[in-house]
2 protein chains.
Amino acid sequence: MLEPPAACQSVGVVEPQTARFDEALPLRSGSHLDSFELVFETYGKLNAQRSNAVLVCHALSGSHHVAGRYAGEDENSGWWDNLIGPGKPLDTNKFFVIGVNNLGGCHGSTGPRSTNPATGQPWGADFPFVTVEDWVDAQARLADKLGIECLAAVIGGSLGGMQALSWALQYPNRIRHAAVIASAPKLSAQNIAFNEVARRAILTDPDFHGGHFYAHGALPERGLRLARMLGHITYLSDDAMGEKFGRNLRHGKAVYSYDPEFEIESYLRYQGDKFSRQFDANTYLLTTKALDYYDPAFEYDDDLTAALAAARANFLVVAFSTDWRFSPERSREIVYALAHNGRNVTYAEIDSAAGHDSFLLDDPQYHAILSAWFGRIEV
Amino acid sequence: MLEPPAACQSVGVVEPQTARFDEALPLRSGSHLDSFELVFETYGKLNAQRSNAVLVCHALSGSHHVAGRYAGEDENSGWWDNLIGPGKPLDTNKFFVIGVNNLGGCHGSTGPRSTNPATGQPWGADFPFVTVEDWVDAQARLADKLGIECLAAVIGGSLGGMQALSWALQYPNRIRHAAVIASAPKLSAQNIAFNEVARRAILTDPDFHGGHFYAHGALPERGLRLARMLGHITYLSDDAMGEKFGRNLRHGKAVYSYDPEFEIESYLRYQGDKFSRQFDANTYLLTTKALDYYDPAFEYDDDLTAALAAARANFLVVAFSTDWRFSPERSREIVYALAHNGRNVTYAEIDSAAGHDSFLLDDPQYHAILSAWFGRIEV
């Protein structure tokens, strides 16, 4: 077992900031936003050459709160806190790290909960569809505002990995390295199918009110709860679920009830309940659609090699052996396409039992590879 | 490719029958039914020795209508019509085949839609929990009524396979052969998790009314629709879904809408809509719980070999390579446990792209194995 360096520390107490953009942002759907705000956090210091910035892109339920904690909220540490900090794999002694909440999100950036200037009411379901490419465009505006011409790296897991890949294609001269973790070049039919069931759960919840539930003082908690329960099944591997919960019965035997009997049932309900009170249903819908739509090879007659020809960055691609949401096979598609283009790409397939969730965990092998890769980046 | 014999025919027009049982049936939950009815169909003729009867057990959404068609309903052929008929793998020139709707079902046998004698109202959610073992007990009563002391074989796929296995354990002297197709000795945590999401979709549908929706003139169609959509994801393999639907867009490009855009979305919605208008929500709940509870090794400290020691039948176990609901690994657990007990067991792992659904399809290799196995059974 590899041990993390003894000097690892948290970035400590952090505060989110807000950047406002008053130039219209065109969106892939044909719509646009006249203006928007992005909430973000930064850790470490931007160096004088402005050459040490690393952007961290979040996945479905993530946010700008990537590392550290908020004053008075010791339990609410960033979702990738194990990765980012002084002496950690993404070392804030060396790098200036930026976490940003994506457009359409529900953690402070302009999204369905924001006021639609045309109506004075929350956007709700009228918020325009946003794509991975739109998010990257908005993130590039944030980099502009921070005075960063070229990012040392962009990193993300799952949907975040798609953003890292898209950065390399949309802004090849503004990104030197891209880390695509537990991701895929596009969703499979099965991936889309799971998203569609989750969306139907939300859209058909009577408390959804066509996406304008804010005005009705309602929350489509039933639908969000189901969406999240389903999500968690795909985040864990069959084996991990078996090891963690197996067929363990809360009462030691069948009690013939629809209340939770098996421990896996309690786990899913707990996760679903927690999420449904916190997350915005419209953001969930928009984000799953962004996932479905992402397909850089679509305009290249399904030729991923041709699609990735524009990339100039050095890549790290990481997959996890038991990830069945985005299996290693899907990561290898990216690797092959990059290699065919003569790009510099490091590929690591980590033997981990935890399924898709592995990218959030601190597997020593995984973190050692990230340490080494970030260690080689010159700033 | 193996060709089916040219003489294959349908059993033609069939009619369901109803058997009434007035002796109380004790249930594993501790509850009981004072009396009950089973709806069933038969194909072929019971021979003079009453030695050629084969019972077919249905899975989650199946019924007693296993083969043939109803007069005036040409489209409504039995769910295993490709398997059963004159000259077919389960040859009705040789065998007397019985299909039965299980207790708690919604196709005519006593279930949640039946009248609760205690209230004069439909049972609804008050219908007692039923288990695989209870179903087998009820099926044994039906065999009694038909004058069949010993079944030549019991066959079933998925949940039906669990019934075939349970027959061999509960009535070892009344069953000579058991065919356990695309099944498992018990559900995994992931299997239970999928069932739990489906159940929550139904139970939290406002139209469910605590299971007494009949009295409210309502149908929990939203919940049933979601349950069925989710089910279909687990019935198909990732590859089969990819081949059948891929990322095909109905309009050739993204139109940025929550209406079906990808063909897989249309498919799932169609399946969900159809099912939600036909199937009973309480039956769905009861049946998924029967699946969850089934675990013959539970009373044997999780020792499947010890659990299967009582079996005397000759077994056929069939699994399908891309079935991820009940993978071949799960079938092999049954095979090993039977083999350790010195039982006669034939195991076939069919290379099929269609996932769990394969057991309903007429893969030539699969049907050739069934033909050969049934062909060897002496009657």
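Notes on the structure follow. Keep in mind it's a predicted model, so treat the numbers as computed, not measured.

### Looking at the state of the cysteines
Two cysteines, two sulfur atoms, one covalent bond between them: this is a disulfide.
Move 1: This model, assessed by the stated rule, comprises zero disulfides over all chains.
Move 2: With no disulfide of its own, Cys106 of chain B lies closest to Cys57 of chain B among cysteine sulfurs, the gap being 17 Å.

### Looking at unusual backbone geometry
Outside of glycine, negative phi angles account for most residues, and trans bonds account for most peptide bonds.
Move 1: Although it is not a glycine, Tyr256 of chain A adopts a positive phi angle of roughly 60°.
Move 2: Not every positive phi belongs to a glycine, and Asp301 of chain B is a case in point at roughly 55°.
Move 3: Among the structural elements, Asp301 of chain B can be located in the loop between helix H7 (281-293) and helix H8 (304-307).

### With respect to the interface of chain A and chain B
Move 1: Listed per partner, the contact involves 53 residues of chain A and 53 residues of chain B.
Move 2: For the pair chain A and chain B, the summed buried area comes to about 4800 Å², and 68% of that belongs to carbon and sulfur atoms.
Move 3: On the chain A side of the contact with chain B, Arg247, Tyr256 and Tyr258 of chain A bury the most area, a combined 19% of that side's loss.
Move 4: Linking chain A with chain B are eight salt bridges.
Move 5: Here Glu261 of chain B makes a salt bridge to Lys289 of chain A, at a shortest N to O gap of 2.8 Å.
Move 6: When residues of the side of chain A that touches chain B are traced back to their parent elements, those giving at least two are helix H3 (189-203), helix H4 (221-235), helix H5 (238-244), helix H6 (263-278) and helix H7 (281-293) of chain A.
Move 7: Among the elements that line the side of chain A that touches chain B, the one with the most residues is H3 of chain A, at eleven residues.
Move 8: Classifying every residue of the side of chain A that touches chain B gives 28 nonpolar, ten polar and 15 charged.

### As for the packing of helix H1 (residues 132-145) of chain B against helix H2 (residues 159-170) of chain B
Residue and element names in this part refer to chain B.
Move 1: It is the contact of H1 with H2, at a shortest axis distance of 9 Å, that shows an interaxial angle of 70°. Taken as axis vectors, H1 and H2 run roughly perpendicular relative to one another. Every pair of crossing elements has a handedness; the one defined by H1 and H2 is right-handed. Of the residues in H2, those touching H1 at Val132, Glu133, Trp135, Val136, Asp137, Gln139 and Ala140 are Leu159, Met162, Gln163, Ser166, Trp167 and Gln170.

### What about the nonpolar core?
Move 1: Ile155 and Ile181 of chain A together with Ile155 and Ile181 of chain B are the most contacted members of the largest nonpolar core, which totals 249 residues.
Move 2: Leaving out residues up to four positions away in the same chain, Ile155 of chain A has contacts with Val54, Leu55, Val56, Cys57, Trp80, Leu83, Leu90, Ala164, Ala179, Ile181, Leu370 and Phe374 of chain A.

### Structural notes on the packing of aromatic side chains
Move 1: Counted according to the given criterion, the structure contains 40 aromatic pairs over all chains.
Move 2: Judged by centre distance (5.7 Å) and plane angle (75°), the ring pair of Phe275 of chain A and Tyr284 of chain A falls under edge-to-face. Across this residue pair, the class does not change: Phe275 of chain A and Tyr284 of chain A are buried.
Move 3: Taken together, Phe129 and Tyr293 of chain A together with Tyr256 and Tyr258 of chain B form an aromatic cluster joined through their ring pairs.
Move 4: Across from the ring centre of Phe21 of chain A, 4.4 Å away, lies the NZ or CZ of Lys145 of chain A, which sits over that ring.
Move 5: For the cation-ring pair, Arg325 of chain A lies above Phe326 of chain A, with the distance from its terminal atom to the ring centre recorded as 5.6 Å.

### Let's talk about the sheet that holds strand E13 (residues 314-320) of chain A
Residues and elements named next belong to chain A.
Move 1: Ordered by their spatial adjacency, eight strands build an open sheet running E1-E4-E8-E5-E11-E12-E13-E14, and the pairing between neighbours is mixed. Looking at the sheet topology across the chains shown, the edges are occupied by strand E1 (17-21) and strand E14 (345-350). Across the sheet, the axes of successive neighbouring strands diverge by a mean angle of 20°, strand direction being ignored.
Move 2: Of the strand pairs in this sheet, strand E12 (residues 177-181) and E13 are connected by five bridges, and their pairing is parallel. When the bridges of E13 are listed, Val180 appears paired with Val317.
Move 3: The strands touched by helix H10 (residues 364-376) within the sheet are strand E5 (53-57), strand E11 (153-157), E12, E13 and E14, with E13 carrying the most contacts at an inclination of about 175°.

### A few points about the environment of Glu221 of chain A
All names here are of chain A.
Move 1: Assignment of secondary structure puts Glu221 in helix H4.
Move 2: Between the C-alpha atoms of Glu221 and Gly156, which are 65 residues apart in sequence, the distance is 28 Å.
Move 3: Setting aside residues no more than four positions away along its own chain, Glu221 makes contact with Asp205, Ser276 and Arg277.

What counts and what doesn't
Residues numbered from 1 in each chain as written. Chains lettered and ligands numbered in written order. Predicted model: local features only at pLDDT ≥ 70, side-chain atom pairs only at ≥ 80, totals over all residues. Heavy atoms only, no water. Disulfide = S-S within 2.5 Å. Helix = DSSP H or I, 4+ residues; strand = E, 2+ residues; numbered from the N terminus. Contact = heavy atoms within 4.5 Å. Buried area = accessible area lost by both parts, 1.4 Å probe. Salt bridge = Lys/Arg side-chain N within 4 Å of Asp/Glu carboxyl O. Nonpolar A, V, L, I, M, F, W, Y, C, P; charged D, E, K, R; others polar. Axes fitted to C-alpha atoms, helices over the stretch in contact; angles between N-to-C directions. Parallel < 35°, antiparallel > 145°, perpendicular 65-115°, else oblique. Left-handed = near helix turned anticlockwise from the far one by under 90°. Core = buried A, V, L, I, M, F, W, Y, C linked by side-chain atoms within 4.5 Å. Buried < 20%, exposed > 50% of the residue type's maximum accessible area, 1.4 Å probe, protein only. Phe/Tyr/Trp six-rings, centres within 6.5 Å; stacked < 30°, edge-to-face > 60°. Lys NZ or Arg CZ within 6 Å of the ring centre and 35° of its normal. Pairing = 2+ DSSP bridges.

Just distances and angles here, no functional claims.
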